Amino acid sequence: DFFEDLDSLQVRRPNIITRVSEFVPEIITFVQRIIDNGYAYESEGSVFFDVDAFDGKDGHFYAKLKPTAKGNQALLVEGEGVLNEVKFNKRNDNDFALWKKSKAGEPEWPSPWGLGRPGWHIECSVMASEILGEHIDLHTGGIDLTFPHHDNEVAQSEACFNNHQWINYFMHSGHLLTEGRKMSKSLKNFISIKDALKLYSVRQLRLLFVLSPWSDPLDFKMQAMPDIIKIESTFDNFFANTSALLRDYREHQYESDGKRRFLAPELELLDELKETKAQVHAALMDSFNTAKAMRELRNIVNRTNVYLKRGRANIDPQILEMVALYVTKIVRAFGLGNDSSSSAIGWGASLNSTTADGEHPADRESVLRPVASVLSDFRDAVRELALSGGDK
């Protein structure tokens, strides 16, 4: 179901999928290296990380990500889960399990310390390091995993490799809330992806996430979705109108009348496009602030719509195409469209959910284009009539 949900949201699958059961020999070797380096010990068939031996020795520091949580027994118990249901002979309450002696009925593998299974934190360190090496650039996860899980991952990995920076950057995402409360099966306040896609399109759901900072909690509220749909409609109409106008120019191949048309309004819009590009770049450099980047795109779209009100005879298709192609490039980079053609304007292939019979609904853009073209002609005709002082 998980991968089916990823596919339905058009989220790319991971390049490599790992399973703990496939890495047990590597986990045992990893744990033994930590013991050999003096940062872990065996106790009654289990192996524990020695926090006191590690913290402050040879430049090591425990709880790098959340120093204020060091020694917080409530978080440690929550982090260890069932591993804390049975008391072990540990040197310190802060020590955590690297290898756990299996109880009757639990999965077990042979090890130098007897039959057992990996601790929770160790499996992530081993699988990641086996694939990516002893130094990793980027690590992601939910904000609730910062301590103890990610802090323990860092400590045991640096203890194994004898280095001081296993991960360069952590990205901790905010919780998904519903009506202000953490989404949870126990609270029965969750909505499945399949159910959400019965109400909203893939693009609308992805817009909801893109318009929220990734590191903040996201509160999924039904009453917020009309605003998302309105934003989608703004881009829909912009792409449809610009595509219709540009197609008309290409089909008619208007001859030059010797008059310059790239004048002050066009230069002003060009300057605003340059500023938009700079602001979008700055937003993405500032912790991938997609919400601010989208606001900048909406601003340039609104400014271009004002420019379009000048009428077909008074606009230059070149600046119009420059704006439309840039907006297209960014929304597709954000996963809001299909990058099927770098030269096409708009979302591209539909990101709507499939219908009951498995068919994809028609791309709204292609439906709107003929209508937009007719409306554009009508608007220009009315404008010319008004300017000439003719009757209604």
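To be clear, the structure that these remarks concern was listed above.
### Side note on the overall build of the protein
No. 1: Looking only at helices and strands, the protein features 13 helices and nine strands.
No. 2: Expressed as a percentage of its 392 residues, the buried residues of the protein come to 42%.
No. 3: Long-range pairs, those at least 24 residues apart, make up 67% of the contacts in the protein with a sequence separation of at least 6.
No. 4: Carbon and sulfur atoms make up 54% of the accessible area of the protein, which totals about 21400 Å².

### Some points on the sheet that holds strand E9 (residues 218-220)
No. 1: Read from one edge of the open sheet, three strands run E8-E7-E9, paired in mixed fashion. Two strands lie at the open edges of the sheet, namely strand E8 (181-182) and E9, each paired on one side alone.
No. 2: Summarising the sheet, strand E7 (residues 176-178) and E9 pair through three bridges and their orientation is parallel. What sits directly across from Leu-176, in E9, is Leu-218.

### Quick word on the pairing of strand E6 (residues 167-173)
No. 1: In this structure, strand E5 (residues 136-142) lies alongside E6, joined through six bridges in parallel fashion. Note on E6: the bridge partner recorded for Thr-140 is Met-171.
No. 2: Where the polypeptide runs from E5 across helix H6 (residues 146-161) and back to E6, its parallel neighbour, the crossover connection is right-handed.

### Considering the sheet that holds strand E4 (residues 116-118)
Two modes of strand pairing occur in sheets, parallel and antiparallel, and in both the strands are linked by backbone hydrogen bonds.
No. 1: Read from one edge to the other, the open sheet built from four strands follows the order E1-E2-E3-E4, with strand pairing classed as antiparallel. Two strands close off the open sheet at either side, each with one partner strand: strand E1 (40-43) and E4. Each strand axis lies, on average, 25 degrees off the axis of its neighbour in the sheet, ignoring direction.
No. 2: Here E1 pairs with strand E2 (residues 46-49) via four bridges, running antiparallel. For Ala-40, the partnering residue across the bridge sits in E2 and is Phe-49.
No. 3: Taken strand by strand, helix H2 (residues 24-36) contacts E1, E2, strand E3 (96-101) and E4, and its axis lies near 125 degrees from that of E3.

### Considerations on the pattern of salt bridges
No. 1: One pass over the full model with this rule turns up 15 salt bridges.
No. 2: Put simply, Lys-198 and Asp-195 hold a salt bridge, and the shortest N to O gap is 3.6 Å. A residue pair is termed a helical-turn pair when its members lie 3 or 4 positions apart in one helix, as Lys-198 and Asp-195 do in helix H7 (residues 193-199) at three residues.
No. 3: Taking the relative accessible area as the measure of exposure, Lys-198 reaches 67% and is therefore exposed.
No. 4: Between Asp-248 and Arg-312 there is a salt bridge, with the nearest N and O atoms lying 2.8 Å from each other. Of the two residues, Asp-248 is situated in helix H9 (residues 225-252) and Arg-312 in the loop between helix H11 (290-308) and helix H12 (317-333); the sequence distance between them amounts to 64 residues. When sorted by exposure, Asp-248 lands in the same class as Arg-312, which is buried.
No. 5: The structure contains a network of salt bridges with shared partners spanning Lys-103, Glu-106 and Arg-117.

### Observations concerning the pairing of E3
No. 1: Judged by how many residues are buried, E3 sits mostly within the fold: five of six residues are covered.
No. 2: Sheet topology places E2 next to E3; three bridges connect them, and they run antiparallel. Note on E3: the bridge partner recorded for Phe-49 is Phe-96.
No. 3: Across three bridges, the pairing between E3 and E4 is antiparallel. Its bridge partner being in E4, Trp-99 is matched across the sheet by Pro-118.

### Brief notes about the packing of H9 against H11
No. 1: H11 packs onto H9 with a crossing angle of 45 degrees between their chain directions and a minimal axis gap of 11 Å. Viewed along their axes, H9 and H11 adopt a mutual orientation that is oblique. In this structure, the crossing between H9 and H11 has a hand that is left-handed. Residues Ile-231, Thr-234, Phe-235, Phe-238 and Leu-245 of H9 form the contact with H11, whose participating residues are Met-294, Leu-297, Arg-298, Val-301, Asn-302, Thr-304, Asn-305 and Leu-308.
No. 2: Class assignment of the residues belonging to the contact of H9 with H11 gives a composition of eight nonpolar, four polar and one charged.

The rules behind the values
- Residues numbered from 1 in each chain as written.
- Predicted model: local features only at pLDDT ≥ 70, side-chain atom pairs only at ≥ 80, totals over all residues.
- Heavy atoms only, no water.
- Helix = DSSP H or I, 4+ residues; strand = E, 2+ residues; numbered from the N terminus.
- Buried < 20%, exposed > 50% of the residue type's maximum accessible area, 1.4 Å probe, protein only.
- Contact = heavy atoms within 4.5 Å.
- Areas by Shrake-Rupley, 256 points an atom, 1.4 Å probe, with all protein chains shown as cover.
- Pairing = 2+ DSSP bridges.
- Right-handed = clockwise from strand over helix to strand, strands pointing away.
- Axes fitted to C-alpha atoms, helices over the stretch in contact; angles between N-to-C directions.
- Salt bridge = Lys/Arg side-chain N within 4 Å of Asp/Glu carboxyl O.
- Parallel < 35°, antiparallel > 145°, perpendicular 65-115°, else oblique.
- Left-handed = near helix turned anticlockwise from the far one by under 90°.
- Nonpolar A, V, L, I, M, F, W, Y, C, P; charged D, E, K, R; others polar.

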